[in-house]
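# Remarks on the overall topology
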There are 2 protein chains.
Amino acid sequence: MNKGTLKYIAKELGLSASTVSRVVNGKYEGNEKTKQRVLDALEKHSYIPNEVARSLQKSSTETIAVVLPDISETFFGTIVKEIENEVSDSGYMLILADTHEKAEKERKYLDILYKRRVDALVLATIDSSGDAVSKFIANDIPVVFIDNIPKLDGISAITIDNKKAGQIAVDYLLSCGHRQIATIIGSTSETTGADRLAGYCSALSDNNIEKNDSLIKFGDYKLDSGYKAMCELLDNRNKAPFTAVFVTSEQMTYGALRAIRDRSLNVPDDISVIGFDIHNLKDDRRQMITTIRQPEDVIGKNVGELLLKYLSENDTAKEETRIFLEPFLQKGDTVKKL
Amino acid sequence: MNKGTLKYIAKELGLSASTVSRVVNGKYEGNEKTKQRVLDALEKHSYIPNEVARSLQKSSTETIAVVLPDISETFFGTIVKEIENEVSDSGYMLILADTHEKAEKERKYLDILYKRRVDALVLATIDSSGDAVSKFIANDIPVVFIDNIPKLDGISAITIDNKKAGQIAVDYLLSCGHRQIATIIGSTSETTGADRLAGYCSALSDNNIEKNDSLIKFGDYKLDSGYKAMCELLDNRNKAPFTAVFVTSEQMTYGALRAIRDRSLNVPDDISVIGFDIHNLKDDRRQMITTIRQPEDVIGKNVGELLLKYLSENDTAKEETRIFLEPFLQKGDTVKKL
DNA sequence: ATTATAATAGCAAACGTTTGCAAAAGGTGG
DNA sequence: CCACCTTTTGCAAACGTTTGCTATTATAAT
């Protein structure tokens, strides 16, 4: 028999594994002396329970899966940190999967994570169908979406109000005197992109400005697509003039800024730019990019709290929860007052 | 008996669990027809193996623990991403622990991770004693250190050459004509801080410049300590004048810059600054902080490769491996040529 | 037809726990 | 001294797999 196991220690003491187990878990109700004996033996062997065996028996791994498109982004890093901070006291740990923004990888990971019997799932999906999570939902494993929300009923999600994000951005540009406002949108097949575009449109129409479709370009959230979209906008500038552009992802913002610079144009004198999710460096000393921000820390905290709530209700069906947090404007130096 | 298990499906087929298990794992050598029958049944029930049970039986969880002081830092985020990228094809997943730069939390997490029987450990420790990892090492669980290296024999580590980092920084400042160079060091009780300081000192002495202890300040890697250290340097500036400062962590660099700005001094005209681990924004358009950088992606990739190597040598003792990668200088606009 | 051999499938132990139930031991009162 | 009640401990099944060995059956060789 293997050393270091409950059984082994039990045998050495001439006791049963049951007794030792109960002592280990503080459920022992017997004689004080034997309790002490067991405790001493545990100490002597520096006994460490095998959580794998425990998980099998209890059918609960105390593990929460977090599936994200890119952990190296500060946005997701902060969310992960806050979730971890929230759930760690209850003994849960995080298992991490980075999908590299690939739907295929996402599906593969979700399959593996299901096999691994994680207790809950946090998912920043890029697969709007939501197919791959059905197994989780069918088996009452709590799922919380962040960022994109798939078109499914009865799911929980914590994100910002992306429509409002678009409105705030455009309203600010309007308040600075801009009237011809372009935008670069990520894929509209997911909610984040679609909603941000909706916000852009509604802010314009609320101010009786007609939407101009040639001022709306689409990308894929990545840097190159932002660059390309910006080039198209600039190439078409005499037909469809604009003084400001609202870019809806961090990487696309960098791409757009680079495109502008490559044409030797100046920000904000020639073109004003408002970005998204830009984490300006914290020395607040140098030129900063004006940006829409999401409260990542609050998102993470809320996700953690919701998970703990779900995980403590062991039996009942989880009630759908949707929280939409407020995006906010962080003013910088890339928008010019006209 | 529970539905969806091997046993259940086996019973339904009138076969034994062994047979079904072997089919599932591609180890079946029997009759083609029964193989098909089993396959069909698996398909029909959409059988999903329970990895927890598997782990218990195989005493291997296919899980690698990554313990870090702060996952929201791009530096660590990138390392994690690269490790994950490297090991995921082999079926390993990452379990993440954020120690919030607290030795106590680190110890607690290491205990838990040991219980959870992770197959390997990546550790950016802040506890130079290395006590908490002894269990892992004693049980032949591969451990790879990044960032700090504790004072232990026979351990593997992948970091940069921190002494060289200090030298590069100081050499660059010297080449720009600076002769009075201050530095702000993180704790010297860990290797990163101590080595960077050693590099600073050796670069000075190599150039026959006498070290001035009042130009060496210590912090704890965090922003406030950088601010405070910089204030002390500035307050003492007529007694111990300097034209440049080398700050050895990202957060302390921001703190130092802020302190300089709060005194209405200009960077780089009044004081030149060279930072550490600064991730300048990628639009390469605006003023950037001159900084020493580490090749996080290479570090992560190397860690992943080493782990896979260790994990494939199931029996033999793991040979100690130490890789010191090259830090590099990223020139920005915060160092003035005198 | 008999025996040797190969092909096929199952038994049962093992991995390390937890826990409902039952048994043994000890104690109390009549 | 017996019946009964507590207290203390153990049995054994369960969680869902994997795998060495063995048993059965089919096939081939003599």
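Coordinates for the structure precede this section.
Quick look at the structure, then.

Our next topic: the pattern of salt bridges. Taken as a whole and judged by the stated rule, the model has 30 salt bridges over all chains. Of the charged contacts in the structure, one is a salt bridge between Glu232 of chain A and Lys217 of chain A, with a shortest N-O distance of 3.5 Å. Of this pair, Glu232 of chain A sits in helix H10 (residues 223-235) while Lys217 of chain A sits in strand E7 (residues 216-218), and the two are 15 residues apart along the sequence. Judged by its relative accessible area of 33%, Glu232 of chain A is partly exposed. Here the salt bridges share partners, and the residues they tie into one network are Asp70 and Asp98 of chain A together with Lys81 of chain B.

Turning our eyes to something else, we now look at the protein's contact with DNA strand C. Looking at DNA strand C, there are 30 residues lining it, with Ser21, Lys27 and Arg54 of chain A together with Ser18 and Tyr28 of chain B nearest. At 3.5 Å, a backbone N or O of Ala53 of chain A approaches a base nitrogen of DNA strand C. Contact distances for DNA strand C include 3.2 Å between a phosphate oxygen and a backbone N or O atom of Asn31 of chain B. Element by element, the count of residues in the surface near DNA strand C is highest for helix H4 (residues 51-58) of chain A, at four residues.

A few words now on unusual backbone geometry. The omega torsion of the bond from Val267 of chain A to Pro268 of chain A falls at 5°, within 30 degrees of zero and hence cis. Relative to the helices and strands, Pro268 of chain A is located in the loop between helix H11 (250-262) and strand E9 (272-276). With phi around 50°, His100 of chain A is a residue other than glycine that occupies positive phi space. The topology assignment puts His100 of chain A in the loop between strand E2 (93-98) and helix H6 (103-115). Within the chain, Glu101 of chain B stands out as a residue other than glycine whose phi angle is a positive 55°.

Residues and elements named next belong to chain A. Pairing is mixed in the open sheet, where six strands are placed in the order E7-E6-E8-E9-E10-E12. With one partner strand each, in any of the chains shown, E7 and strand E12 (328-330) form the two edges of the open sheet. Averaged over all pairs of adjacent strands, the angle between strand axes in this sheet comes to 20°, irrespective of strand direction. Bridge analysis of strand E6 (residues 181-185) against E7 gives three bridges, and the strand direction is parallel. Its bridge partner being in E7, Ile185 is matched across the sheet by Phe218. Along the sheet face, H10 touches E6, E7 and strand E8 (244-247) and points at about 150° away from the line of E6. Helix-sheet contacts for H11 involve E6, E8 and E9, and the interaxial angle to E9 is about 160°.

Scoring rules and cut-offs
Residues numbered from 1 in each chain as written. Chains lettered and ligands numbered in written order. Predicted model: local features only at pLDDT ≥ 70, side-chain atom pairs only at ≥ 80, totals over all residues. Heavy atoms only, no water. Salt bridge = Lys/Arg side-chain N within 4 Å of Asp/Glu carboxyl O. Helix = DSSP H or I, 4+ residues; strand = E, 2+ residues; numbered from the N terminus. Buried < 20%, exposed > 50% of the residue type's maximum accessible area, 1.4 Å probe, protein only. Near = heavy atom within 4 Å. Polar contact = N/O pair within 3.5 Å; in protein donor to acceptor, adjacent residues only side chain to side chain. Pairing = 2+ DSSP bridges. Axes fitted to C-alpha atoms, helices over the stretch in contact; angles between N-to-C directions. Contact = heavy atoms within 4.5 Å.

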